[in-house]
Amino acid sequence: MSKVYFSKTITPEKVAQLYDLVGKKLPGKVAVKVHSGEKGNQNSLRPDFWKTIIDQVGGTVVECNTAYDGERNVTERHVRLMADHGWSKYFPVDLLDAEGPDKVLDIPNGKVIQKNYVGKDIEAYDSMLVLSHFKGHPMGGYGGAIKQLSIGVASSYGKAYIHGAGVPEELWTADRDAFLESMADAAGSVVEYFKGNILFASHDHEIVQTVANRIIEINEHGCFDKLGTYEEYIERRNCLIDGLNKIDGVYSPIPMGAFYTVAKLPVDDSDKFCAWCL
């Protein structure tokens, strides 16, 4: 189990401070795994936020192409999107699977899959810094550091292989639990590949719960053991949903894998909504 440092303050400087507190310098050429951001989607952290820590480790931003149609499944479009989103402005950028063949990482003890197909350019790096934003995800339940290590480092083919639990053709139809276990298998293979030369900066409470035996919170008053847990967030979510469902005409379902919810209201336009709130 690992020691995890936690901060309620989320700033570029705080991330750099957390890195210093870990006390481990990432050796050699550092790959910095980020989410490049979907076109038109605002739910990702921007390159200017990560610039301080990426400059500090002297890293190269790395990504891989997606397995679904869009602006990130073809190298030419993905490179253009990385530039449009500002990554290429601040950092060297490497699409690990821009050219094949894929590198295959063996998973001899994998529960579902025994191979992980990753971008071959991973061979150019000695260590990895994983930068993640935490979010609900329609298939994975939670998207964060574990997804970054598995789906994120996998090549386009490798993504389909993980999603399909070893059968790429079943990309969208595989058993959900088998898919999640495949993600865990794939993530473990990347950790093993870097032999301990890997660090995480993440909002991902799932990885905090699974790897941490001590969480140290950092704030303006110093460093303290954090007493709160993942369950604390679930309790807050459920409190919100219970409160919404007590309002006449409002229905809010319990989400399967997220800390946010979408409520159905008894109004159907903005004017009625304003009047209803009053």
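Residues numbered from 1 in each chain as written. Predicted model: local features only at pLDDT ≥ 70, side-chain atom pairs only at ≥ 80, totals over all residues. Heavy atoms only, no water.

Visitor: Would you take a moment to explain the nonpolar core for this structure?
Guide: Side chains of nonpolar character tend, in soluble globular proteins, to be buried together. Counting residues in hydrophobic clusters, the biggest one holds 19 residues, and the most contacted among them are Val32, Trp50, Ile53, Ile54, Leu129 and Leu131. Residue assignment for this core shows that the elements contributing at least two residues are helix H1 (12–22), strand E2 (30–33), helix H2 (47–57), strand E7 (127–131) and strand E10 (198–201). When residues of this core are assigned to their parent elements, the largest contribution, 5 residues, is made by H2. Here Ile54 is in contact with Val32, Gly59, Val61, Phe91 and Leu131, once residues within four sequence places are set aside. Counting 16 residues, the second largest nonpolar core, distinct from the first, contains Cys64, Leu96, Val130 and Leu149. (Core = buried A, V, L, I, M, F, W, Y, C linked by side-chain atoms within 4.5 Å. Buried < 20%, exposed > 50% of the residue type's maximum accessible area, 1.4 Å probe, protein only. Helix = DSSP H or I, 4+ residues; strand = E, 2+ residues; numbered from the N terminus. Contact = heavy atoms within 4.5 Å.)

Visitor: Would you explain the sheet that holds strand E3 (residues 60–63) in this entry?
Guide: Pairing between the strands of a sheet comes from backbone hydrogen bonds, and it takes one of two forms, parallel or antiparallel. In space, the 5 strands of this open sheet follow the order E4-E3-E2-E7-E10, with parallel pairing throughout. Since the sheet does not close on itself, it has two edges, and those belong to strand E4 (93–95) and E10, each with one partner. Averaged over neighbouring strand pairs, the angle between their axes works out to 25° when direction is ignored. Direction of pairing for E2 relative to E7: parallel, over a ladder of 4 bridges. From the neighbouring strand, Ala31 faces E7, where its bridge partner is Met128. (Pairing = 2+ DSSP bridges. Axes fitted to C-alpha atoms, helices over the stretch in contact; angles between N-to-C directions.)

Visitor: Which parts of the structure should I look at to understand the pattern of salt bridges?
Guide: A side chain with one charge can pair with a side chain of the opposite charge if their charged atoms come near. This structure, assessed with the given rule, holds 9 salt bridges. A salt bridge links Asp121 to Lys120; the nearest nitrogen and oxygen atoms lie 3.5 Å apart. Note on Asp121: relative accessible area 22%, which makes it partly exposed. (Salt bridge = Lys/Arg side-chain N within 4 Å of Asp/Glu carboxyl O.)

Visitor: I'm lost on the pairing of E2 in this one. Help?
Guide: Neither face of E2 is left uncovered, since the one carrying Val30 and Val32 and the one carrying Ala31 and Lys33 both have all their residues buried. Bridge count for E2 against E3 is 3 bridges, and the pairing is parallel. The partner of Val32 across the bridge, within E3, is Val61.

Visitor: What should I look at first to understand the environment of Ala178 in this one?
Guide: With respect to the element layout, Ala178 can be found in helix H7 (residues 176–193). The class of Ala178 is buried, set by a relative accessible area of 15%. Sequence separation between Ala178 and Lys111 is 67 residues; the distance between their C-alpha atoms is 8.9 Å. Residues contacting Ala178, with those up to four places away along its chain left out, are Val112 and Ala165.

Visitor: Hey, could you run me through helix H3 (residues 75–84) in this one?
Guide: For H3, the set of buried residues is His78, Leu81 and Met82. Along the axis of H3, the buried positions cluster into a sector of 100°, meaning they face one direction only. Residues of H3 that are exposed and angled more than 90 degrees away from the buried face: Glu76 and Asp84. Structurally, H3 contributes buried residues whose contacts are with E3, helix H4 (87–90) and E4. (Arc of directions from axis to C-beta.)

Honestly, that's just the spatial picture; any functional story needs more than this.
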